[in-house]
Amino acid sequence: AKDINKNRAFPYLLSGLKPIAAHALWAMWVNGRKFNKPYTKSAKIVGEVMSYSPHGDSYDSLVRLAQDFTYHLPYIDGHGSFGSVIGGPTPGASRYTEMRMSEFAQDVLFYNTKLLDMGMNYLDEEPEPILDTWVTLLPLLFITNTSGMGYTVSNTWSSGNLFEFKEQLLNYLKTGKVDCSKIYPDFPNGGIIINKSEMKDLYETGKGTIKLRGKTEIVGDTIRILSLPYQTYPEQFMEDIKKYANSSQNTIKDVANRCGNDGFLIEIECEPTTAEYTLEVLFRKTCLQVSISDEHKAVTSSDD
């Protein structure tokens, strides 16, 4: 159980990376998959990662590291179909897509490899960093969305804003204090936090819930959906709409998915004078509003 929690499910404090991400980026560094080098087929990189990670095919994890709608600053520069906020998170097959390390990842993780404490990989054949001692230039755990489910414990970290972190750091250097009333979650595709007054307690205790809505506007009798909450996608939202449209309380006349190259837009035409009521129902009954639970729990054991 301790091994699962420490070496698989949760991110490390100093690097902010989950073990599979750290293994993958180290494998890319060792094999020269750097940001200023040519792209390499994802299938080949997956094979290279297996030298450092004992958990088999890591393609899904690598894909997440390349998605700019999952991370503010992706760790992997992907070439090909890696999903989108419009089409969903499903990528193309690994034999079609290509990858290399992003310039951001290379700058913050490999600024000086001589500082890394080294050990041996799980095969005891090649050197790799001792992952829980790997220190990055930036607080990746603060600015990166990540979650994990281990043995009897789960964990979610919601990303923050790097500019807000800078202000907090400067204030801490002057006063020795952190003002949690000025820290808020920040998601790659935006959104509206409707319980902002609870965020101070969330950051002070490490426990709480973020209630996040997509961006909307009402024009006449039409609801315009301008974005969906973090990690929700049009296909899921349209399925939720269908369920409501089939109910006896339905006030929707027509739905048009206009998402495309010009951006995100779903238009919902409502019965006369019901747009505001319908929008409130959609917040309650669809993924237009989601709850993201933050539980930043330290994983300890009796022999630590």
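Keep in mind the model is a prediction, meaning the values are calculated, not measured. (Residues numbered from 1 in each chain as written. Predicted model: local features only at pLDDT ≥ 70, side-chain atom pairs only at ≥ 80, totals over all residues. Heavy atoms only, no water.)

Draft legend 1. Region of interest: helix 9 (residues 234-245). With 12 residues, helix 9 should reach 16 Å at 1.5 Å per residue; the first-to-last C-alpha distance of 16 Å fits that figure. Looking at the buried side of helix 9, the elements it contacts are strand 11 (222-225), strand 12 (252-257), strand 13 (266-270) and helix 10 (275-285). (Helix = DSSP H or I, 4+ residues; strand = E, 2+ residues; numbered from the N terminus. Expected span 1.5 Å × (residues − 1). Contact = heavy atoms within 4.5 Å.)

Draft legend 2. Structural view of the environment of L123. Tracing the chain through its elements places L123 in the loop between strand 4 (118-120) and strand 5 (127-129). Between the C-alpha atom of L123 and that of L65, which follows or precedes it by 58 residues, the distance is 25 Å.

Draft legend 3. Just helix 3 (residues 42-49), in detail. For helix 3, the complete set of buried residues consists of S42, I45, V46, E48 and V49. For helix 3, the angular spread of the buried residues around the axis is 160°, confining them to a single face. Here the buried face of helix 3 lies against helix 2 (19-30), strand 1 (40-41), helix 4 (59-65) and strand 3 (98-101). (Buried < 20%, exposed > 50% of the residue type's maximum accessible area, 1.4 Å probe, protein only. Arc of directions from axis to C-beta.)

Draft legend 4. Summary view of the layout of surface pockets. As a volume, the largest pocket reaches approximately 550 Å³. Lining of the largest pocket is provided by 25 residues; of these, P139, L141, F142, W157 and F165 occupy positions nearest its centre. For the lining of the largest pocket, the elements supplying multiple residues, two or more each, are helix 6 (140-143), helix 7 (162-175) and helix 8 (199-205). By residue class, the composition of the lining of the largest pocket is 18 nonpolar, six polar and one charged. (1 Å grid on protein atoms, 1.4 Å probe; cavity = no way out; pocket = protein on both sides within 12 Å on 5 of 7 lines; lining within 4 Å. Points joined across faces, edges and corners; volume = space filled by probe spheres on them. Nonpolar A, V, L, I, M, F, W, Y, C, P; charged D, E, K, R; others polar.)

Draft legend 5. View of the pattern of salt bridges. Overall, the coordinates contain eight salt bridges when judged by the stated rule. Among the salt bridges present, the one from E269 reaches K253, with a minimum N-O distance of 3.6 Å. Of this pair, E269 sits in strand 13 while K253 sits in strand 12, placing them 16 residues apart in sequence. The exposure class assigned to K253 is partly exposed, which follows from its relative accessible area of 48%. (Salt bridge = Lys/Arg side-chain N within 4 Å of Asp/Glu carboxyl O.)

Draft legend 6. The arrangement of the environment of Y233 in detail. Among the secondary structure elements, Y233 is positioned in the loop between strand 11 and helix 9. Residue classification places Y233 among the buried residues on the basis of a relative accessible area of 12%. Separated by 148 residues in sequence, Y233 and V85 place their C-alpha atoms 6.0 Å apart. Once you skip the residues sitting within four places of it in the chain, Y233 turns out to touch F69, S84, V85, G88, P89 and L228.

From the geometry alone we can't say anything about function, so treat these as descriptive.
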